[in-house]
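# Commentary on secondary and tertiary structure
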Amino acid sequence: MKKLIILFLFIFIVRLSYSQKLTVLHKGITLTHSATIKKQLYHFDGADSLSAAPIVIKGDNITIDFNGAVIEGSSDYQNPDLFKGTGVIIKSGKNITLKNLVVKGFKVGIMARGINNLKIINADCSYNFRQHLNSNRLWEDLADWQSYHHNEKDEWLRFGAGIYLRDCNNADIHNSTVTNGQCGLMMTNCNDALIYNNNFSFNSGLGIGMYRSSRNRIMNNSIDWNIRGFSDGVYYRGQDSAGILVFEQCNNNAFAYNSVTHSGDGFFLWAGQTSMDTGEGGCNDNLVYGNDFSYAATNAVEITFSRNKIIGNKLHDSWHGIWGGFSYNTVIANNDFAGNLSAIAIEHGKDNIIDQNNFNGDKMGIELWSNPKRVKDIGYLKNRDTRSVNYHIGNNSFKNVKTVFNINHTSQLDIDNNYTIGAINTNKVDSTVKDLRSDKNSELANPVMDSTYMPAIKKLSNGKNAMLTANYPQGKKYIMMNEWGPYNFNYPVLWKEPSKTPGTLILNVIAPAGKWRITRMKGVTHPSAIAGKTSEQITLVKDTTALTDIDVEMEYTGQAVTSPFGKKYGKGQSYTFHYREFDLSLNWETRWFVFNDNNSPIQHPTEFAKLLNTTPVKTTTGKYLNTIFGQGFGKGIAKEKIATVSASTVNAPTGIYRIGISASEIVRLYIDDKLIIDNWEPSKIVYDADYHRDVVMPLNGRHTIRVVQAQYADYGILNFTIQPVYQSN
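Definitions and limits used
Residues numbered from 1 in each chain as written. Predicted model: local features only at pLDDT ≥ 70, side-chain atom pairs only at ≥ 80, totals over all residues. Heavy atoms only, no water. Helix = DSSP H or I, 4+ residues; strand = E, 2+ residues; numbered from the N terminus. Rg over C-alpha atoms; globule rule 2.2 N^0.38 Å. Buried < 20%, exposed > 50% of the residue type's maximum accessible area, 1.4 Å probe, protein only. Contact = heavy atoms within 4.5 Å. Areas by Shrake-Rupley, 256 points an atom, 1.4 Å probe, with all protein chains shown as cover. Lys, Arg positive; Asp, Glu negative; His and termini not counted. Charge placed at Lys NZ, Arg CZ, Asp CG, Glu CD. Salt bridge = Lys/Arg side-chain N within 4 Å of Asp/Glu carboxyl O. Core = buried A, V, L, I, M, F, W, Y, C linked by side-chain atoms within 4.5 Å. Pairing = 2+ DSSP bridges. pLDDT = per-residue confidence, 0-100. Arc of directions from axis to C-beta. Axes fitted to C-alpha atoms, helices over the stretch in contact; angles between N-to-C directions. Phe/Tyr/Trp six-rings, centres within 6.5 Å; stacked < 30°, edge-to-face > 60°. Polar contact = N/O pair within 3.5 Å; in protein donor to acceptor, adjacent residues only side chain to side chain.

### Comments concerning the overall build of the protein chain
In terms of helices and strands, the protein chain carries 5 helices and 57 strands. In terms of overall dimensions, the protein chain is globule-like: its C-alpha atoms have a radius of gyration of 28 Å, near the 27 Å expected for 729 residues. Dimensions of the protein chain, computed from C-alpha atoms along their principal axes, come out at roughly 100 × 70 × 55 Å. Split into buried and exposed, the 729 residues of the protein chain put 55% on the buried side. Looking at the protein chain alone, contacts between residues at least 24 apart form 61% of all its contacts between residues at least 6 apart. Looking at the protein chain as shown, the accessible area adds up to about 31,100 Å², and 50% of this sits on carbon and sulfur atoms. Placing the 74 positive and 66 negative side-chain charges of the protein chain at their respective mean positions leaves the two points 6 Å apart.

### A short note on the pattern of salt bridges
Pairing between side chains of opposite charge can happen when their charged atoms approach one another. Applying the stated criterion to the full structure yields 27 salt bridges. In this structure, Arg-307 engages Asp-285 in a salt bridge whose closest nitrogen and oxygen atoms are separated by 2.8 Å. Of the two residues, Arg-307 sits in the loop between strand S22 (299-304) and strand S23 (308-311) while Asp-285 sits in the loop between helix H2 (273-278) and strand S21 (286-289), which places them 22 residues apart along the sequence. Residue Arg-307 is classed as partly exposed on the basis of its relative accessible area, which comes to 27%. Of the charged contacts in the structure, one is a salt bridge between Arg-517 and Glu-555, with a shortest N-O distance of 2.9 Å.

### Thoughts on the nonpolar core
Within the largest apolar cluster, 79 residues are counted, with the highest numbers of intra-cluster contacts made by Leu-25, Ile-57, Ile-110, Leu-165 and Phe-267. Setting aside anything within four residues of it in sequence, one finds Ile-110 in contact with Val-88, Ile-90, Leu-98, Leu-101, Val-103, Ile-120, Ala-123, Cys-125, Gly-162, Ile-163 and Tyr-164. Membership of the second largest hydrophobic core comes to 33 residues, among which are Phe-230, Trp-495, Ile-518 and Phe-577.

### Quick notes on the sheet that holds strand S41 (residues 493-497)
Spatially, S41-S42-S46-S44 is the arrangement adopted by the 4 strands of the open sheet, whose pairing is antiparallel. Lying at the two open borders of the sheet, with one neighbouring strand each, are S41 and strand S44 (524-525). Pairing geometry for strand S42 (residues 504-510) and strand S46 (residues 537-542), over 5 bridges, is antiparallel. Note on S46: the bridge partner recorded for Asn-508 is Gln-537.

### Side note on the confidence of the model for the protein chain
Mean pLDDT over the protein chain stands at 94; residues scoring 70 or higher make up 97%. A low-confidence stretch, residues 9-19 stays under pLDDT 50, and its non-local contacts, those more than four residues away or across chains, total 2 contacts.

### Here's the deal with helix H5 (residues 625-632)
Those residues of H5 that fall on the buried side of the exposure criterion are Leu-625, Asn-626, Ile-628, Phe-629 and Gly-632. Buried residues in H5, looked at end-on, bunch into an arc of 160°, giving them a common side. Across H5 from its buried face, at more than 90 degrees, point the exposed residues Gly-630 and Gln-631.

### Here's the deal with the sheet that holds strand S47 (residues 548-558)
Within the open sheet, the 4 strands sit side by side as S45-S43-S47-S50. Their pairing is antiparallel. With one partner strand each, in any of the chains shown, strand S45 (531-533) and strand S50 (575-583) form the two edges of the open sheet. When strand polarity is set aside, the average angle formed by the axes of neighbouring strands in this sheet is 25°. By the bridge criterion, 9 bridges tie S47 to S50 in an arrangement that is antiparallel. Residue pairing across strands places Val-552 opposite Tyr-579, the latter belonging to S50.

### Comments concerning the packing of aromatic side chains
Throughout the structure, instances matching the rule amount to 36 aromatic pairs. With a centroid separation of 5.8 Å and 85° between ring planes, the pair formed by Tyr-148 and Trp-156 is classed as edge-to-face. What makes Tyr-148 buried here is its relative accessible area of 1%. Judged by centre distance (4.7 Å) and plane angle (45°), the ring pair of Tyr-148 and Phe-159 falls under tilted. One end of the pair, Tyr-148, is in the loop between strand S9 (119-121) and strand S10 (161-166); the other, Phe-159, is in the loop between S9 and S10, and 11 residues separate them in sequence. Like Tyr-148, the residue Phe-159 is buried in the burial classification.

### With respect to the environment of Ser-126
Inspection of the secondary structure puts Ser-126 in the loop between S9 and S10. The sequence separation of Ser-126 and Lys-458 amounts to 332 residues, and the corresponding C-alpha distance is 30 Å. If we ignore the near neighbours within four places in the chain, the residues touching Ser-126 are Val-103, Lys-104, Thr-177, Val-178 and Thr-179. There is a polar contact of 2.7 Å between the side chain of Ser-126 and the side chain of Asp-124.

### Description of the environment of Asp-597
By the element assignment, Asp-597 lies in the loop between strand S51 (588-594) and helix H4 (605-611). Along the primary structure Asp-597 and Gln-559 are separated by 38 residues, whereas in three dimensions their C-alpha atoms are 64 Å apart. Setting aside residues up to four positions removed in sequence, Asp-597 forms contacts with His-604 and Lys-641.

### Some remarks on the pairing of strand S18 (residues 242-247)
Most of S18 is tucked away: 6 of the 6 residues are buried. Summarising the sheet, strand S14 (residues 206-211) and S18 pair through 5 bridges and their orientation is parallel. If you follow Leu-206 over to S18, its bridge partner there is Ala-242. Direction of pairing for S18 relative to strand S20 (residues 265-270): parallel, over a ladder of 5 bridges. Looking at the pairing, Val-246 lines up with Leu-269 of S20.

Okay, here's the thing in structure tokens:
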């Protein structure tokens, strides 16, 4: 007994000693030495400035083990577009290691500047900032487009990031996660890093973004479902989202063994504004090897104005397998193309090799062309030879490709020994093609498939298999977008399927294995079942009133789930989820006006106001403002220097609503003749997102709505939205 007491006393002393060594965080703490953090939830409101953070790290040769501690900014989980501030800033020093950190609810999770030999290990920077999306399943809102063309002044920070690195060389980031945000890992002026075994998936912007960053190795990462601007069967725009973005003078990087599927672009490389202005440089000599870029909304791989190697990748079921505009000295070899609208498309390409690839079931195999009349209005076109010229295309296999070659305004082609079978059109080659050498392109060809182009890249000994498993949902129908980004399969949803029967609602119950039951219905009747198992389908009958206000509430029990905003529910714990559909009966009348330099809205507001009281050049009507606007241009209406005044009435059930307007270029929204949204200063409209404004406000009963819009150029957006504000998980 005495020995047992001594043993317990010893354990108590050891634990007490250990607990006394743990560091408890407080807002404003600066960590300058190695430390282990006490594991708990720390709530620190984000600062208004991204350069300030509740936790700052400085020092040389230090390790901060956060021990699973959670650093939380905003606890208003349902409004991630309002998140602000940075969670952790690594401000100065070298040889710094962060590990076992969870940071969420900020505009930026972790930010580091000028830190050499930085390690971030086993960090989770999920559920940070993401913009509210205005596009829906029926139509696209152009205000959701992004632009990453410049980051000299940290312009990318407007999109937030899980991890943001600038001027950090020799970084090592592995076993870390950034999901359900807008951007995962963002790197500027960062060289010689090793980024591996991470999960940067299910973000609404980018998985990894690189700017002026070279000699990095990006390997064995899961970078799937980084997308916006997509609705299966309706539109597939991508809106400049991508799994991997490589912009502006990024050279000699290796991208290998990554899964980068179901994204806007899988891999998006652009030489940069420097090259556009001068014709010099580019994003050159990058190796893209052994990755899966399938199911991209737009291009599985986009490589432009540069010299690179695209070898041994899987590129299935995308708009383009490879879009290679102005690529030169580029090798495209040993890749697996299948089911693309166009497998390889290159305009103004030069000195390229397309060899030893497999094509199966693509609508178009290889497209090559140029535009001899293209105006040379930028430095790149003025200073570079941009003819479509000098291709070697050989040893490829084309099976059931409808049109194998579509070539025009191209010269000096060597096309030989390509196996073709099942093609409708083998060649669409017109008289503009010069110096074409073609031989042995038929079923009799025997392509040489060898290791000629295989790169000498060493596999990581501890690299994970990042590829999607065979039983994981795959295909564009599983790119399922909601108002915050792509659905991640970690929680139950009711997903609407098209119905051929008017008045019938068909819902798929998609969730981890478990059971569901209907707990409440509004606006629908006669469910085909009131309970069942996941992966089932139910049908319901819609109410036939003018107002569509549907709410099907279900309770799920089964596996552990994580809600869309990161709240965790244990196995067997009930989880409530909904299908909601809301559509007020609106009847818009839009009056169209044409202005000039004497009555323009900004320079001459008084005269512009008088113009709006004159007889319009056209009047259009309809239910949806964006449809009326999109179809309104035509005879007598140009897209430049036009103005519209749109009016409707609404009879809204009592509630809180998010009311939004997307318009180019300037707009004012009035409700009951009160100015609610004022976006009338062109100087404040810099990015696509600036074309949108919204407000949350109560409505009760009948209200009048008036929208005044004007545009000098021809971008052309006018989209009004009104939706109830729901409380979600």
